[in-house]
Amino acid sequence: MALSCSLNRDLLRTTSCGYSLPEVKDIYLANYADVSATTVADGVAYGDEGSTCSGSVITSIVMGNGGKFYHIEPAKNSVTFEDSLVVEDSGNKYRTHSLTFTIAGQYNACMHLDLDALSLGRYFAVVVTADGQWLALGRLTGLEAETATLQGGGDTNGIQVVLSANTTESAVPLSQAAINTVKGA
């Protein structure tokens, strides 16, 4: 993926006017070891008149070991994701991807196994926003649990999971072909 250290287009309110609802409505997780390859294409034209760019998108995801993406429907209004720049004292720069979500439902023997899997595994995550964006998190390193908590007795019932990883790329959008792989189509 080609990185640019120079801004190469105007970022104006007049060319980015419109509704934006980046709230996450769906999560897809694949075991990181089951993703054998991803391809990122640079120079993909995106936008409309007045606001176009040549960007990067994931064009393909290859699953190995019989792997697949698992769909998680999080509890309403429980999901946040973050892609943050970290600058160390030495000037070293990298990014941290973080995904926080709550799973509601009855805690039983199967959910016990799911809690352990989410706590101990490493994942390639895809989030789907309410405005239709599909974004990959942890593509290069895999996300791992920072916390995984079973809660009960209040407004925060269910399992809350925080997955995170340090990485060297920002969240990357998916092409339709990559979305089809995530959906299992």
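Our structure is the block above this text.
Throughout this description, residue numbers start from 1 for each chain and increase along the sequence as written. The predicted origin of the model limits local features to residues at a pLDDT of at least 70 and limits the giving and counting of side-chain atom pairs to 80 or more, whereas totals for whole chains, interfaces and linings rest on all residues. Processing note: side-chain calculations cover all non-hydrogen atoms of the structure and skip hydrogens and water entirely.

Engineer: Tell me about the packing of aromatic side chains, and please be specific about residues and values.
Structural biologist: Any two of the Phe, Tyr and Trp rings considered here, Trp counted by its six-membered ring, make a pair once their centres fall within 6.5 Å; the pair's planes then place it as stacked at under 30 degrees, edge-to-face at over 60, or tilted in between. Under the definition given, this model contains two aromatic pairs. Note on Tyr28 and Trp134: the rings are 5.5 Å apart at their centroids and 25° apart in plane angle, and the pair reads as stacked. With Tyr28 in strand β1 (residues 24-31) and Trp134 in strand β8 (residues 134-137), this pair connects stretches of sequence that are 106 residues apart. Seen from their ring centres, Phe69 and Phe124 are 5.6 Å apart, and the 80° between their planes marks the pair as edge-to-face. Taken together, the residues Phe69 in strand β4 (residues 69-72) and Phe124 in strand β7 (residues 122-129) connect sequence positions 55 residues apart. Using a relative accessible area of 0% as the deciding quantity, one classes Phe124 as buried. A helix here means a DSSP run of H or I that spans at least four residues, while a strand means a run of E at least two residues long, and both kinds are numbered starting from the N terminus. Each residue's exposure class comes from its accessible area (1.4 Å probe, protein chains only) as a fraction of the maximum for that residue type: buried when under 20%, exposed when over 50%, partly exposed otherwise.

Engineer: Kindly report on the side chain of Thr167, identifying the contributing residues and their values.
Structural biologist: Tracing the chain through its elements places Thr167 in strand β10 (residues 158-167). Pairs of residues are marked as contacts when any of their non-hydrogen atoms sit within 4.5 Å. The residues contacting Thr167, other than those within four sequence positions of it, are Tyr94, Arg95, His97, Leu140 and Thr141.

Engineer: Please provide a residue-by-residue account of the layout of surface pockets, values included.
Structural biologist: Taking a probe equal in size to a water molecule and rolling it over the atoms shows the remaining empty space. The way it works is a 1 Å grid over only the protein atoms, where trapped points that fit a 1.4 Å probe form a cavity and open points with protein on both sides within 12 Å along at least five of seven lines form a pocket, and then any residue with an atom within 4 Å of a point lines it. Grid points are joined across faces, edges and corners, and a volume is the space filled by probe spheres set on the points. Of the voids in this model, the second largest pocket is the one considered here, and its volume is about 270 Å³. For the second largest pocket, the full set of lining residues is Leu29, Asn31, Tyr70, His71, Ile72, Ile103, Ala104, Met111, Asp114, Ala117, Leu118 and Tyr123. It is helix α1 (residues 109-120) that contributes the most residues to the lining of the second largest pocket, four residues altogether. Gly falls in the polar group here, along with every residue not listed as nonpolar (Ala, Val, Leu, Ile, Met, Phe, Trp, Tyr, Cys, Pro) or charged (Asp, Glu, Lys, Arg). Residue composition of the lining of the second largest pocket, by class: nine nonpolar, two polar and one charged.

Engineer: Now, about α1: what can you tell me, with residues and values included?
Structural biologist: Counted at 1.5 Å a residue, the expected span for α1 with its twelve residues is 16 Å, and the 17 Å between its end C-alpha atoms agrees. Among the residues of α1, those classed as buried are Met111, Leu115 and Leu118. One side of α1 carries all its buried residues, which in axial view fall inside an arc of 70°. Every exposed residue of α1 that faces more than 90 degrees away from the buried side is listed here: Ala109, Cys110, Leu113 and Leu120. On the buried face of α1, the contacting elements are β1, β6 (93-103), β7, β9 (143-151) and β10. Distance and chemistry together define a polar contact, namely a pair of N or O atoms within 3.5 Å, with one atom able to donate a hydrogen and the other to accept it when in protein, and with adjacent residues in sequence counting only for side-chain atoms on both sides. Structurally, the start of α1 carries an N-cap: the backbone nitrogen of Cys110 is 3.1 Å from a side-chain oxygen of Asn108. The span you would expect from a helix comes to 1.5 Å times its residue count less one. Throughout, the arc means the angular range of directions from the helix axis out to the C-beta atoms.

All quantities given are derived from atomic positions and should not be read as evidence of function.
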